[in-house]
Amino acid sequence: MATAQPNLEKRDVVSSFIFHFPPGKPSNPVVALFRRSDKVNTYQHHLAPISGTISQKDKDPLTAAWRELAEETTLTPSNLTLWRTGKPFTFRDPSVGREWTVHPFAFRLDGPESAIQTDWEHERWEWYDPRAVRDEANFGGVPRLKESLCRVWFEGAMSEPASQILSTGLNRLRTDHKSGANELTAIALNVFRDFIMHTRNALDETWWTTVRMVAWHLVKNGRESMGAATLNAVLAVLTEIEKILQVRGDMAVTEQEWDRILPMMDFQVSKRASNKKRVMKSFTSYLRSRFLGNGMGETLTILTMSSSSTIQDSILDAFAALDIQMLELRVLESRPLFEGTSYASSILCRLKSQFQTSDKKTLKVRMYTDASAALAAEGVDIVLLGADRISAQKGVSNKTGSLPLVLSTKQVAPSVQVVVLSGLEKINGTSGFIDDDEPEDYGPAEVVNTWRNDGIEGVDILEQAMENGIVEVENVYFEWVPFSLVDAFVCEDGILDVGSLQERSRQLREMVDRYFGDL
């Protein structure tokens, strides 16, 4: 007769690992483990990361992680940086009457270790080589300590070449603040391909799990706010790998089957380039049907703040293909990195080479400050937006400044068409895999450096006030434009409505659950 399972209390907790990278040893960090005191309720005298229960007052697990770090170590974002997020997992421990769902995080210590001041919950703490952490009784750690660690420090669970490829790739994705989602996705796919190439000799069920976890990391620990395109791309790769492997119980495959995987990934990269051309063609068709058929073919005025390569190429392709004699392109400078300025320069260079022998077409570029959006909007035909992410619930996520641009234009030029030009890979599923409510704030440095470089008076006073916590400088990269303000969504399949986007979002959710749900 089977023994009845005990009724365990379910508890969601965060596990925050603090890493320190010694100078000159970027690939050999140490991790802080804290010995729990006899005053805590569970696992007294065991080694653990900084952990605690996620309360109903916490906005999300990351909020709880920062709260526990401040309470138990006095560390804050001033001396800690979020490095990686781990895939949550659940396990049962009848010895303490709990079913734990663990949300792992990794943080990088940016200041001196003396900044770590522990509270009553810990007896002491020490630095450990993460490779030495074990889930064995004689190590003295809390249950599943190594598993929690490996979900944020995957270097200990795979070969050094493979882990180096993934670690370097994630760092490149995370720190690239200039490339668009298309470029970042191409980088992610190449990292994914290189990783798989270095794991050829380990093709089994564990390999399949590792490959899916690597795909998860490329989305969550690259640039998540721009990760919808990467999510769609890696899911397409996983689907094709699964077809090739014809997944069996032992995952055994022939050499011929393996030799199909890398060419398939190369095809996925080339397929994305083909999709971009289809988007460009759809935009040309949209302009032909919406504007040229209404006696508006002589001139066209477009206002944008997007530095998307897809938008640039689509504008030039349509200008070349259609009977547009005068194209006036109005561009907002897009602070703090001034992508609009770089974009205008790039499109002028492209135009000069593409139309250098033509005297029948004229391009006029007007640059505006972001604050001049309403002035720039007067008399425009189209506001053209890119998309870093498309949510069935929230609309289109694009560069901060997009919403005031659209609202200003709707007020000043009521007949304007607000057009979103994007590939379908930007659609985010409804599963919450990529958090639509989490802003991407890259801190004040970029903004303050711009003030300082421009010689703005009073910057020193503001910086001092920032150090004292009196002044905060926000640098949020993206904001949402509701679908109610968008007149046309142009993609590789033509013009879609909100219902079609929602259906594609639902399909994506099913794929997310299929490939990541059991990790």
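This report concerns the structure included in the present document. (Residues numbered from 1 in each chain as written. Predicted model: local features only at pLDDT ≥ 70, side-chain atom pairs only at ≥ 80, totals over all residues. Heavy atoms only, no water.)

Focus on the sheet that holds strand β9 (residues 299-304)
Okay, so step 1: With mixed pairing, seven strands are arranged side by side in an open sheet as β11-β10-β9-β12-β15-β18-β19. Strands with a single pairing partner mark the edges of an open sheet, and in this sheet they are β11 (362-368) and β19 (494-496). Each adjacent strand pair in this sheet contributes to an overall mean axis angle of 30 degrees, direction not counted.
Okay, so step 2: Inspection of the sheet shows strand β15 (residues 417-421) paired to strand β18 (residues 488-491) by three bridges, in the parallel sense. Among the inter-strand pairings, V420 is bridged to a residue of β18, identified as F489.
Okay, so step 3: Docked against the sheet, helix α8 (residues 261-290) engages β9, β12 (382-385), β15, β18 and β19, running at close to 140 degrees with respect to β18. (Pairing = 2+ DSSP bridges. Helix = DSSP H or I, 4+ residues; strand = E, 2+ residues; numbered from the N terminus. Axes fitted to C-alpha atoms, helices over the stretch in contact; angles between N-to-C directions. Contact = heavy atoms within 4.5 Å.)

What about the nonpolar core?
Okay, so step 1: Counting 51 residues, the largest nonpolar core has F192, I196, I241 and F516 as the members making the most contacts within it.
Okay, so step 2: Put simply, the parts of the chain that give this core at least two residues each are α3 (160-175), α4 (181-197), α5 (205-220), α6 (228-245), α8 and α15 (498-516).
Okay, so step 3: Take this core: its biggest share by element is 11 residues, from α6.
Okay, so step 4: Shared between two domains, this core takes at least three residues from each, and those domains are domain 2 (160-275) and domain 3 (279-434 + 477-498).
Okay, so step 5: Counting residues in hydrophobic clusters, the runner-up holds 29 residues, among them V380, V406, I427 and L485. (Core = buried A, V, L, I, M, F, W, Y, C linked by side-chain atoms within 4.5 Å. Buried < 20%, exposed > 50% of the residue type's maximum accessible area, 1.4 Å probe, protein only. Domains from an automatic or database assignment.)

Considerations on the packing of α4 against α5
Okay, so step 1: Interhelical geometry of α4 versus α5 gives an angle of 160 degrees and a closest axis separation of 11 Å. The pairing of α4 with α5 is recorded here as roughly antiparallel in orientation. For the pair α4 and α5, the sense of crossing is right-handed. Of the residues in α5, those in contact with A188, V191, F192, F195 and I196 of α4 are W207, T210, V211, V214, A215 and L218.
Okay, so step 2: Residues that form the contact of α4 with α5 fall into these classes: 10 nonpolar, one polar and no charged. (Parallel < 35°, antiparallel > 145°, perpendicular 65-115°, else oblique. Left-handed = near helix turned anticlockwise from the far one by under 90°. Nonpolar A, V, L, I, M, F, W, Y, C, P; charged D, E, K, R; others polar.)

Things to note about unusual backbone geometry
Okay, so step 1: Residue P336 follows R335 across a cis peptide bond; omega there is 5 degrees.
Okay, so step 2: If you trace the backbone, P336 turns up in the loop between β10 (326-332) and α10 (339-354).
Okay, so step 3: Although it is not a glycine, S334 adopts a positive phi angle of roughly 65 degrees.
Okay, so step 4: Note that S334 resides in the loop between β10 and α10.
Okay, so step 5: The phi torsion at F338 lies on the positive side, around 60 degrees, for a residue other than glycine.
Okay, so step 6: Among the structural elements, F338 can be located in the loop between β10 and α10.

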